[in-house]
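# Architecture and fold: a report
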Amino acid sequence: MILANTAVKRKAVFLDRDGTIIHHIPYLSNPDQLRLLPNTADSLKKIRNAGFLAILVTNQSGIARGYLTKEMLQLIHERLNNLLKEEKTRLDAIFYCQHHPDDNCYCRKPKPGMLLMAAEEYNIDLKKSYIIGDDPKDVEAGSLAGCNTVLISKDANLLLPVSPSFLAERLSSATEWLLAHAKSSLQELQEREGVSPTGIR
Ligand SMILES: [Zn+2]
């Protein structure tokens, strides 16, 4: 049965941090500066209710640049987790890259390393997964990992190295699109495999 097979692997929505789920403050280095964007909690609930893991993937070169310590980043992410808990939702995991762009590491977006590590650790089917971010680097990383990609931007005429699967103005519309896309992809798969939604033909 195809359904038994697909149930083995999980699916994820990878989320960028700054400008996607929290207000963008360059090199945010104090937990008190952190503010959730208005639709973050609601979108996370919808994403997780639909069976996706919600996984944060964030470039934090501020560590390599000496703007903040790993301990401070830990406190910032604790505050993020606490704010989400107050809203009765959560992230399933947080991955960050602490390296400098010159380090040429494997994890800094636009490289797909964080997504590949998450896929390994959580047994994720990347083709059924999505990345949402406000930077073309997010789209590139997602595309290299084989995910569907959503760019949050209010500029429809952006010139991009890699086109996103969808361009959304904000996280709420990105979430609506991906939930509809995931649903229609599943239906297509079931039709191809000859399994009707009720399992009877
Ligand atoms: Zn890195």
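Here goes a summary of the coordinates provided. Small disclaimer: the values here were computed from a predicted structure and weren't measured.

The rules behind these values
Residues numbered from 1 in each chain as written. Predicted model: local features only at pLDDT ≥ 70, side-chain atom pairs only at ≥ 80, totals over all residues. Helix = DSSP H or I, 4+ residues; strand = E, 2+ residues; numbered from the N terminus. Buried ≥ 20, exposed ≤ 12 C-beta atoms within 10 Å, placed from the backbone. Contact = placed C-beta atoms within 7 Å. Right-handed = clockwise from strand over helix to strand, strands pointing away. Pairing = 2+ DSSP bridges. Axes fitted to C-alpha atoms, helices over the stretch in contact; angles between N-to-C directions.

### Considering the overall build of the protein chain
Check the secondary structure of the protein chain and you find six helices and six strands. The principal-axis extent of the C-alpha atoms belonging to the protein chain is close to 60 × 35 × 35 Å. Here the protein chain holds 201 residues, and the buried ones make up 32% of them. Partitioning the contacts of the protein chain with sequence separation of at least 6, the portion at a separation of at least 24 is 62%.

### Describing the pairing of strand β1 (residues 11-15)
Taken across its five residues, β1 has four buried, putting it largely inside the fold. Tracing the backbone out of β1, into helix α2 (residues 40-49) and back to the parallel element strand β2 (residues 52-59) gives a crossover that is right-handed. Both β1 and strand β4 (residues 130-133) contribute to a ladder of three bridges, which runs parallel. Bridge pairing in β4 links Val 13 to Tyr 130.

### Notes on the sheet that holds strand β3 (residues 93-97)
Read across the sheet, six strands follow the order β3-β2-β1-β4-β5-β6 without closing on themselves; strand pairing throughout is parallel. Single-partner strands in this sheet number two, and they are β3 and β6 (166-168). Across the sheet, the mean angle from the axis of one strand to that of its neighbour is 20°, orientation sign disregarded. In this sheet, β3 lies alongside β2 in parallel orientation, the contact comprising five bridges. When the bridges of β3 are listed, Thr 58 appears paired with Tyr 96. Running over the sheet, α2 touches β1 and β2 and is turned about 130° from β2.

### Overview of unusual backbone geometry
Pro 110 follows Lys 109 through a cis peptide bond whose omega is 20°. When you line up the elements, Pro 110 lands in the loop between β3 and α4 (113-122). Of note in this structure, Asn 104 is not a glycine but carries a positive phi near 55°. With respect to the helices and strands, Asn 104 occurs in the loop between β3 and α4. With 9 C-beta atoms counted inside 10 Å, the residue Asn 104 sits in the exposed group. Positive phi, normally seen in glycine, also occurs at Asn 123, with a value near 55°. Looking at where Asn 123 falls in the secondary structure, it is placed in the loop between α4 and β4. Judged by C-beta crowding, with 11 C-beta atoms within 10 Å, Asn 123 ranks as exposed.

### Overview of the environment of Leu 91
Topologically, Leu 91 is positioned in the loop between α3 (70-86) and β3. For Leu 91, a count of 18 C-beta atoms within 10 Å corresponds to the partly exposed category. Taking the C-alpha atoms as reference points, Leu 91 and Ile 55, separated by 36 residues in sequence, lie 6.0 Å from one another. Setting aside anything within four residues of it in sequence, one finds Leu 91 in contact with Ala 54, Ile 55, Leu 56, Asn 81 and Leu 84.

### Quick word on the environment of Asn 39
Within the secondary structure, Asn 39 sits in the loop between β1 and α2. Taking the C-beta count within 10 Å as the criterion, Asn 39 has 16 such neighbours and is therefore assigned partly exposed. Non-local contacts of Asn 39, meaning those with residues more than four positions away in its chain, are made with Arg 170, Leu 171 and Ser 172.

Note that all results are geometric; they support no functional claim without further evidence.
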